[in-house]
Amino acid sequence: MLVIQDLHKSYDTGKSKLHVLKGINLNISEGEFVSIMGSSGSGKSTLLNIIGILDEKDSGVYELDGIPIEHLNEVKAAEYRSRFLGFVFQSFNLIGYKTAVENVALPLYYQNVPRKERNQKALEYLEKVGLGQWANHLPNELSGGQKQRVAIARALITDPKVVLADEPTGALDSKTTHDIMKLLQDINNEGKTIIVVTHEPDVAAQTKRNVVLRDGIIESDEFIEQIVL
Ligand SMILES: Nc1ncnc2c1ncn2[C@@H]1O[C@H](COP(=O)(O)OP(=O)(O)OP(=O)(O)O)[C@@H](O)[C@H]1O
């Protein structure tokens, strides 16, 4: 599903180059549930941004579903993102003036799906994450956990190959973190590939494979005994 070989990334900081990813090798198969940990600055977000085609590698191989991801223009990058990837962020990234169902339907709007069809599907996905009753509420009427459920429904609505979640529980209390991780486990058990960047060892323990980055290289990469919620 996802092949990364000897991947490097540097940032130009004006005076010098900051070499952030220093030869990453990572293969992720369909249906895996992977957590990426590592101390602040180790390169987790940089790696996730490259996997998410939000940023470009300098060198090495990155293939997504068999397609080499190389020097894409913005239109092609956006097309691949919408075809292959779903995104979940710590801060939910919902549009404040749109209702829950409108937020979930948004990726289908960009795929030119007719309004009736996209709203119907969005409602289905909201029901899937347990929020059918909240379809017409605005984000500021929802709790943090509910907002993240809306964001997860939005990430799933295009049936992406891979869901990328950057600190999805970072803004949530421990009970809500449990509920969101349970939801991600359910989604993974249905066959979806999920990659989660997290600072929280408890969250990583609820995935099936843990990758630890240290100073731009993979320090460890282990299949783990998943704590099933
Ligand atoms: N656009 C950028 N320009 C310059 N430097 C950057 C840029 N993005 C990240 N960096 C630097 O690259 C290094 C790795 O950052 P990255 O965000 O990937 O780390 P991280 O492991 O996700 O950290 P955190 O856990 O704090 O989010 C850091 O030193 C950061 O300051």
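The structure displayed is predicted, hence computed values, not measured ones.

Novice: Describe in detail the sheet that holds strand S1 (residues 2-12), supporting the description with residues and values.
Specialist: The strands that make up a sheet pair up through hydrogen bonds in the backbone, lying either parallel or antiparallel. With antiparallel pairing, four strands are arranged side by side in an open sheet as S2-S1-S4-S5. The open sheet terminates on both sides in strands that have one partner only, identified here as strand S2 (17-28) and strand S5 (67-68). Across five bridges, S1 lies against strand S4 (residues 59-64) in antiparallel orientation. If you follow His 8 over to S4, its bridge partner there is Ser 59. Sitting on the sheet, helix H1 (residues 44-51) is in contact with S1, S2 and S4, with an inclination near 120° to S1.

Novice: Go over the packing of helix H4 (residues 115-128) against helix H5 (residues 144-156), please, and point to the residues and values.
Specialist: Two numbers describe how H4 lies on H5: the axes approach to 9 Å, and their chain directions differ by 130°. Taken together, the axis directions place H4 and H5 in an arrangement best described as oblique. Relative to H5, H4 is oriented so that their crossing is right-handed. For the pair formed by H4 and H5, the contact residues are Tyr 125, Leu 126 and Lys 128 on the first element and Val 150, Ala 153 and Leu 156 on the second. Looking at side-chain class alone, the contact of H4 with H5 contains five nonpolar, no polar and one charged residues.

Novice: Explain the side chain of Thr 177 residue by residue, including any values.
Specialist: In this fold, Thr 177 is placed in helix H6 (residues 174-189). By relative accessible area, Thr 177 is classed as buried at 8%. Of note is the side chain of Thr 177, whose polar atom sits 3.5 Å from the backbone oxygen of Leu 172. Residues within four places of Thr 177 in sequence aside, it is in contact with Thr 169, Leu 172, Glu 200 and Val 203.

Novice: Help me get a handle on the packing of aromatic side chains, residues and values and all.
Specialist: Taken as a whole and judged by the stated rule, the model has three aromatic pairs. Both rings, one in Tyr 109 and one in Tyr 110, keep their centres 5.4 Å apart while their planes meet at 80°; by these two values the pair is edge-to-face. With a relative accessible area of 62%, Tyr 110 lands in the exposed category.

Novice: Got a sec to walk through the nonpolar core? Specific residues and values, please.
Specialist: With 35 residues, the main nonpolar core has Val 104, Leu 126, Val 150, Ile 152 and Leu 184 as its most contacted residues. Mapped onto this core, the elements with two or more residues apiece are helix H3 (100-110), H4, H5, strand S7 (162-166), H6 and strand S8 (193-197). Looking at this core element by element, the count peaks at six residues for H5. The next biggest cluster of nonpolar side chains, apart from the first, holds 31 residues, and it includes Ile 36, Leu 47, Leu 64 and Ile 69.

Novice: Got a sec to walk through the pattern of salt bridges? Specific residues and values, please.
Specialist: Pairs may arise between side chains of opposite charge once their charged atoms sit close together. Tallied over the entire structure, the rule returns 14 salt bridges. Lys 9 serves as the salt-bridge partner of Asp 55, at 3.2 Å between the closest nitrogen and oxygen. Linking Asp 55 in the loop between H1 and S4 with Lys 9 in strand S1, this pair joins segments that are 46 residues apart in sequence. Using a relative accessible area of 25% as the deciding quantity, one classes Asp 55 as partly exposed. Note that Lys 22 is salt-bridged to Asp 215, the shortest N-O span being 3.2 Å.

About the cut-offs
- Residues numbered from 1 in each chain as written.
- Predicted model: local features only at pLDDT ≥ 70, side-chain atom pairs only at ≥ 80, totals over all residues.
- Heavy atoms only, no water.
- Pairing = 2+ DSSP bridges.
- Helix = DSSP H or I, 4+ residues; strand = E, 2+ residues; numbered from the N terminus.
- Contact = heavy atoms within 4.5 Å.
- Axes fitted to C-alpha atoms, helices over the stretch in contact; angles between N-to-C directions.
- Parallel < 35°, antiparallel > 145°, perpendicular 65-115°, else oblique.
- Left-handed = near helix turned anticlockwise from the far one by under 90°.
- Nonpolar A, V, L, I, M, F, W, Y, C, P; charged D, E, K, R; others polar.
- Buried < 20%, exposed > 50% of the residue type's maximum accessible area, 1.4 Å probe, protein only.
- Polar contact = N/O pair within 3.5 Å; in protein donor to acceptor, adjacent residues only side chain to side chain.
- Phe/Tyr/Trp six-rings, centres within 6.5 Å; stacked < 30°, edge-to-face > 60°.
- Core = buried A, V, L, I, M, F, W, Y, C linked by side-chain atoms within 4.5 Å.
- Salt bridge = Lys/Arg side-chain N within 4 Å of Asp/Glu carboxyl O.

It is worth stressing that arrangement in space is one thing and function is another; only the former is reported here.
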